[in-house]
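# Understanding the architecture of this molecule
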Amino acid sequence: MDGDFRTEFTRQPAGMRQHPALVLNADYRPLSYYPLSLWPWQEAVKAAFMDRVDIVAEYDAVVRSPSTEIRIPSVVVLKDYVKPQKRVAFTRFNLFLRDEFRCQYCGAKGDLTFDHVVPRAAGGVTSWQNVVAACSPCNLRKGSKSLRQAGMHLRKPPRQPASEELRNMGRRFPPGYLHESWLDFLYWDAELEA
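Given the structure is predicted, the values throughout are model-derived calculations rather than measurements.

So, on to the overall build of the chain. Along the backbone of the chain there are seven helices and six strands. The secondary structure elements of the chain, listed N-terminal to C-terminal, are α-β-β-α-β-β-α-β-β-α-α-α-α. For the chain, buried positions account for 37% of its 194 residues. Sequence separation of at least 24 residues holds for 61% of the intrachain contacts in the chain that already meet a minimum separation of 6. A total accessible area of about 12400 Å² is found for the chain, and carbon and sulfur atoms account for 53% of it.

Dropping the structure here:
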(Lines give C-alpha, C1' and ligand atoms only; values in the text may rest on other atoms or scores of the structure.)
Protein backbone atom coordinates (compact mmCIF):
# COMPACT_ATOMS: atom_id res chain seq x y z
CA MET A 1 0.00 0.00 0.00
CA ASP A 2 1.25 3.41 -0.94
CA GLY A 3 -0.47 5.60 1.67
CA ASP A 4 -1.59 5.31 5.23
CA PHE A 5 -3.38 1.94 5.64
CA ARG A 6 -6.23 3.55 7.63
CA THR A 7 -6.99 5.92 4.76
CA GLU A 8 -6.90 3.12 2.20
CA PHE A 9 -9.07 0.94 4.39
CA THR A 10 -11.79 3.55 4.96
CA ARG A 11 -12.03 4.78 1.36
CA GLN A 12 -13.34 1.50 -0.07
CA PRO A 13 -16.73 1.47 1.72
CA ALA A 14 -17.34 5.12 0.77
CA GLY A 15 -16.57 4.26 -2.86
CA MET A 16 -19.12 1.46 -2.80
CA ARG A 17 -21.88 3.91 -1.85
CA GLN A 18 -21.55 5.23 -5.39
CA HIS A 19 -23.27 2.12 -6.79
CA PRO A 20 -27.00 2.53 -6.13
CA ALA A 21 -29.47 0.05 -7.59
CA LEU A 22 -32.55 1.17 -9.48
CA VAL A 23 -35.57 -0.58 -7.94
CA LEU A 24 -38.33 -1.62 -10.33
CA ASN A 25 -41.78 -2.88 -9.45
CA ALA A 26 -42.80 -6.33 -10.72
CA ASP A 27 -44.15 -4.62 -13.87
CA TYR A 28 -40.62 -3.30 -14.60
CA ARG A 29 -41.53 0.32 -13.88
CA PRO A 30 -39.71 2.31 -11.17
CA LEU A 31 -41.50 2.51 -7.84
CA SER A 32 -41.11 6.28 -8.11
CA TYR A 33 -39.50 8.64 -10.58
CA TYR A 34 -38.92 11.62 -8.34
CA PRO A 35 -37.27 10.87 -6.13
CA LEU A 36 -36.01 7.99 -8.19
CA SER A 37 -36.45 4.64 -6.41
CA LEU A 38 -32.88 3.70 -5.53
CA TRP A 39 -31.38 1.38 -2.93
CA PRO A 40 -27.81 1.32 -1.67
CA TRP A 41 -25.90 -1.60 -3.16
CA GLN A 42 -25.95 -3.39 0.22
CA GLU A 43 -29.77 -3.44 0.28
CA ALA A 44 -29.91 -4.73 -3.29
CA VAL A 45 -27.49 -7.58 -2.53
CA LYS A 46 -29.39 -8.45 0.67
CA ALA A 47 -32.75 -8.47 -1.18
CA ALA A 48 -31.29 -10.72 -3.90
CA PHE A 49 -30.00 -13.21 -1.32
CA MET A 50 -33.39 -13.18 0.42
CA ASP A 51 -34.98 -13.94 -2.98
CA ARG A 52 -37.14 -10.77 -2.90
CA VAL A 53 -35.75 -9.36 -6.17
CA ASP A 54 -34.30 -10.50 -9.46
CA ILE A 55 -31.12 -8.83 -10.65
CA VAL A 56 -31.62 -7.39 -14.14
CA ALA A 57 -28.33 -5.51 -14.63
CA GLU A 58 -25.02 -5.27 -12.80
CA TYR A 59 -22.11 -2.88 -12.44
CA ASP A 60 -18.60 -3.98 -13.36
CA ALA A 61 -17.59 -3.53 -9.72
CA VAL A 62 -17.58 -6.48 -7.35
CA VAL A 63 -17.70 -7.04 -3.61
CA ARG A 64 -15.94 -9.95 -1.99
CA SER A 65 -16.34 -12.04 1.09
CA PRO A 66 -13.92 -14.79 2.11
CA SER A 67 -15.93 -17.33 0.09
CA THR A 68 -17.86 -15.35 -2.54
CA GLU A 69 -17.43 -12.68 -5.17
CA ILE A 70 -20.57 -10.77 -6.21
CA ARG A 71 -21.07 -8.22 -8.97
CA ILE A 72 -22.96 -5.22 -7.62
CA PRO A 73 -26.55 -5.00 -8.95
CA SER A 74 -27.43 -1.82 -10.84
CA VAL A 75 -31.08 -2.72 -11.60
CA VAL A 76 -33.29 -4.99 -9.52
CA VAL A 77 -36.95 -5.91 -10.00
CA LEU A 78 -39.26 -6.83 -7.12
CA LYS A 79 -40.76 -10.31 -7.28
CA ASP A 80 -44.00 -9.13 -5.67
CA TYR A 81 -45.96 -6.25 -7.19
CA VAL A 82 -46.31 -3.20 -4.93
CA LYS A 83 -49.59 -1.46 -5.61
CA PRO A 84 -49.03 2.31 -6.09
CA GLN A 85 -50.76 4.59 -3.62
CA LYS A 86 -53.96 6.18 -4.88
CA ARG A 87 -53.90 9.06 -2.43
CA VAL A 88 -51.17 11.66 -2.78
CA ALA A 89 -49.70 12.78 0.54
CA PHE A 90 -49.85 16.53 1.11
CA THR A 91 -46.14 17.21 1.66
CA ARG A 92 -43.88 20.13 0.84
CA PHE A 93 -42.00 17.98 -1.68
CA ASN A 94 -45.18 16.84 -3.47
CA LEU A 95 -46.46 20.43 -3.50
CA PHE A 96 -43.23 21.63 -5.15
CA LEU A 97 -43.40 18.74 -7.61
CA ARG A 98 -47.02 19.60 -8.51
CA ASP A 99 -45.94 23.21 -9.13
CA GLU A 100 -42.89 22.05 -11.13
CA PHE A 101 -40.45 23.60 -8.63
CA ARG A 102 -41.48 27.10 -9.77
CA CYS A 103 -42.98 30.07 -7.97
CA GLN A 104 -46.65 30.18 -8.91
CA TYR A 105 -46.59 33.99 -8.94
CA CYS A 106 -43.48 34.90 -10.97
CA GLY A 107 -42.24 31.54 -12.30
CA ALA A 108 -38.82 31.74 -10.62
CA LYS A 109 -36.95 28.57 -9.69
CA GLY A 110 -35.11 28.06 -6.43
CA ASP A 111 -35.45 29.63 -2.97
CA LEU A 112 -38.96 28.18 -2.74
CA THR A 113 -41.30 28.23 0.18
CA PHE A 114 -45.07 27.85 0.18
CA ASP A 115 -47.86 30.39 0.38
CA HIS A 116 -51.53 30.27 1.36
CA VAL A 117 -53.52 31.82 -1.52
CA VAL A 118 -56.29 32.78 0.91
CA PRO A 119 -54.21 33.81 3.95
CA ARG A 120 -54.69 31.85 7.14
CA ALA A 121 -55.44 35.17 8.88
CA ALA A 122 -58.47 35.46 6.55
CA GLY A 123 -59.63 31.89 7.24
CA GLY A 124 -57.59 30.11 4.56
CA VAL A 125 -56.82 26.45 5.23
CA THR A 126 -53.68 24.44 4.57
CA SER A 127 -54.80 22.21 1.70
CA TRP A 128 -53.94 21.32 -1.89
CA GLN A 129 -56.54 23.83 -3.08
CA ASN A 130 -55.12 26.78 -1.11
CA VAL A 131 -51.33 26.33 -0.96
CA VAL A 132 -48.84 27.02 -3.76
CA ALA A 133 -45.08 27.11 -4.19
CA ALA A 134 -43.73 30.65 -3.95
CA CYS A 135 -40.29 32.22 -4.01
CA SER A 136 -39.33 34.18 -0.92
CA PRO A 137 -39.62 37.64 -2.56
CA CYS A 138 -43.16 36.92 -3.84
CA ASN A 139 -44.19 35.38 -0.53
CA LEU A 140 -42.98 38.46 1.35
CA ARG A 141 -44.63 40.79 -1.18
CA LYS A 142 -47.98 39.03 -0.84
CA GLY A 143 -47.79 38.64 2.93
CA SER A 144 -51.23 38.13 4.46
CA LYS A 145 -53.04 39.99 1.67
CA SER A 146 -55.42 38.55 -0.89
CA LEU A 147 -54.24 38.19 -4.49
CA ARG A 148 -56.26 41.25 -5.51
CA GLN A 149 -54.92 43.37 -2.63
CA ALA A 150 -51.34 42.38 -3.52
CA GLY A 151 -51.92 42.86 -7.25
CA MET A 152 -50.64 39.36 -7.95
CA HIS A 153 -51.89 36.51 -10.15
CA LEU A 154 -51.40 32.75 -10.07
CA ARG A 155 -49.84 30.96 -13.02
CA LYS A 156 -52.35 28.12 -12.54
CA PRO A 157 -55.02 27.44 -9.92
CA PRO A 158 -53.98 25.11 -7.08
CA ARG A 159 -55.60 21.68 -6.99
CA GLN A 160 -55.00 18.21 -5.63
CA PRO A 161 -53.02 16.14 -8.15
CA ALA A 162 -53.81 12.52 -8.94
CA SER A 163 -51.08 10.03 -7.99
CA GLU A 164 -50.44 9.03 -11.61
CA GLU A 165 -50.18 12.71 -12.61
CA LEU A 166 -47.60 13.38 -9.89
CA ARG A 167 -45.67 10.24 -10.85
CA ASN A 168 -45.56 11.38 -14.49
CA MET A 169 -44.58 14.88 -13.39
CA GLY A 170 -41.58 13.39 -11.59
CA ARG A 171 -40.31 11.89 -14.84
CA ARG A 172 -39.58 15.40 -16.10
CA PHE A 173 -37.04 15.96 -13.34
CA PRO A 174 -34.33 13.31 -13.74
CA PRO A 175 -31.75 13.05 -10.98
CA GLY A 176 -28.28 14.47 -11.50
CA TYR A 177 -26.87 11.00 -12.19
CA LEU A 178 -28.35 8.25 -14.35
CA HIS A 179 -26.40 5.05 -14.90
CA GLU A 180 -26.57 3.78 -18.48
CA SER A 181 -28.14 0.48 -17.34
CA TRP A 182 -31.14 2.40 -15.95
CA LEU A 183 -32.14 4.26 -19.10
CA ASP A 184 -34.12 1.46 -20.73
CA PHE A 185 -36.28 1.15 -17.62
CA LEU A 186 -36.87 4.84 -16.99
CA TYR A 187 -38.09 6.11 -20.32
CA TRP A 188 -39.21 3.03 -22.30
CA ASP A 189 -42.79 4.32 -22.59
CA ALA A 190 -41.84 7.91 -23.42
CA GLU A 191 -42.83 9.32 -26.78
CA LEU A 192 -40.09 8.91 -29.37
CA GLU A 193 -38.73 11.89 -31.28
CA ALA A 194 -39.41 11.91 -35.03
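Moving on, we get to the nonpolar core. Ranked by internal contacts, the top residues of the largest apolar core, which has 21 residues, are C103, Y105, L112, C138 and M152. Residue assignment for this core shows that the elements contributing at least two residues are α3 (92-98), β6 (131-135), α5 (147-150) and α6 (163-170). The element contributing the most residues to this core is β6, with five residues. Each residue touching C138, except ones within four places of it in the same chain, is listed here: C103, Y105, C106 and M152. Core analysis: the next-biggest nonpolar cluster, separate from the first, contains 15 residues, Y33, A57, V75 and V77 among them.

So, on to the confidence of the model for the chain. Mean pLDDT over the chain works out to 86, with 86% of the residues at or above the 70 mark. When pLDDT is averaged over each helix and strand of the chain, the minimum, 42, is found for helix α1 (residues 5-16) and the maximum, 97, for β6. The low-confidence segment residues 1-16 (pLDDT under 50) makes six contacts with residues lying over four places distant or belonging to another chain.

The backbone of D51 sits at a positive phi, close to 60 degrees, despite the residue not being glycine. Take D51: it is sitting in the loop between α2 (41-49) and β3 (53-64). Backbone geometry places D111, a non-glycine residue, at a positive phi of 50 degrees. Looking at the element boundaries, D111 is found in the loop between α3 and β5 (112-116).

Once that is clear, we can look at the sheet that holds strand β2 (residues 38-39). A sheet is described by the order of its strands in space; here four strands give the open sequence β2-β1-β4-β3, paired in mixed fashion. Across the chains shown, the open sheet's two edge strands, defined by having one partner strand only, are β2 and β3. Against the sheet, α2 touches β1 (21-24), β2, β3 and β4 (69-78), its axis set at about 80 degrees to β4.

Let us now look at the side chain of N139. Within the fold, N139 resides in helix α4 (residues 136-142). Discounting chain neighbours no more than four positions away, the residues touching N139 are T113, F114, D115 and A134.

Conventions adopted
- Residues numbered from 1 in each chain as written.
- Predicted model: local features only at pLDDT ≥ 70, side-chain atom pairs only at ≥ 80, totals over all residues.
- Heavy atoms only, no water.
- Helix = DSSP H or I, 4+ residues; strand = E, 2+ residues; numbered from the N terminus.
- Buried < 20%, exposed > 50% of the residue type's maximum accessible area, 1.4 Å probe, protein only.
- Contact = heavy atoms within 4.5 Å.
- Areas by Shrake-Rupley, 256 points an atom, 1.4 Å probe, with all protein chains shown as cover.
- Core = buried A, V, L, I, M, F, W, Y, C linked by side-chain atoms within 4.5 Å.
- pLDDT = per-residue confidence, 0-100.
- Pairing = 2+ DSSP bridges.
- Axes fitted to C-alpha atoms, helices over the stretch in contact; angles between N-to-C directions.

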